[in-house]
Amino acid sequence: MPLKSVPFFADHSLRYDWNGIETMMEAMGNPSFIEFDRLVAKMNLKTVRLIIWAGLLHENPDLKKEDVGGILTEFLSEN
């Protein structure tokens, strides 16, 4: 699985490795990646938070979903 980090905000980058994707799918209550398109089609703010959280786990495996709200708030205030 080729991995590439995508600059996101400040010193944060998003990267989706296998563990991050699996963790995200479990957090969304959908252990099957096959139905990911249905989750995206019904995207809401919680889904956005989970997708960004999963992309940040590579740099901070202890990051909690709740912590992403602060990162997003900072991002929105600066952009």
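One structure accompanies this document, and this report is about it. Given the structure is predicted, the values throughout are model-derived calculations rather than measurements.

1. Focus on the packing of aromatic side chains
Next, step 1: Here the structure, examined in full by the defined rule, presents 1 aromatic pair.
Next, step 2: Pairing F8 with F75 gives two aromatic rings, centres 5.2 Å apart and planes at 20°, and the pair type is stacked. Of this pair, F8 sits in strand β1 (residues 6-9) while F75 sits in helix α4 (residues 65-78), placing them 67 residues apart in sequence.
Next, step 3: When the ring centre of W53 is taken as reference, the NZ or CZ atom of K65 above it lies at 5.6 Å.

2. Concerning the nonpolar core
Next, step 1: If you look at the biggest cluster of nonpolar residues, it comprises 18 residues, and the most contacted ones within it are M24, M28, I52, W53, L56, L63 and V68.
Next, step 2: For this core, the secondary-structure elements that each account for two or more residues are α1 (18-27), α3 (45-56) and α4.
Next, step 3: Among the elements that line this core, the one with the most residues is α3, at 6 residues.
Next, step 4: Among all residues touching M28, those that are not within four sequence positions of it are L39, T47, L50 and I51.

How each quantity is defined
Residues numbered from 1 in each chain as written. Predicted model: local features only at pLDDT ≥ 70, side-chain atom pairs only at ≥ 80, totals over all residues. Heavy atoms only, no water. Phe/Tyr/Trp six-rings, centres within 6.5 Å; stacked < 30°, edge-to-face > 60°. Helix = DSSP H or I, 4+ residues; strand = E, 2+ residues; numbered from the N terminus. Lys NZ or Arg CZ within 6 Å of the ring centre and 35° of its normal. Core = buried A, V, L, I, M, F, W, Y, C linked by side-chain atoms within 4.5 Å. Buried < 20%, exposed > 50% of the residue type's maximum accessible area, 1.4 Å probe, protein only. Contact = heavy atoms within 4.5 Å.

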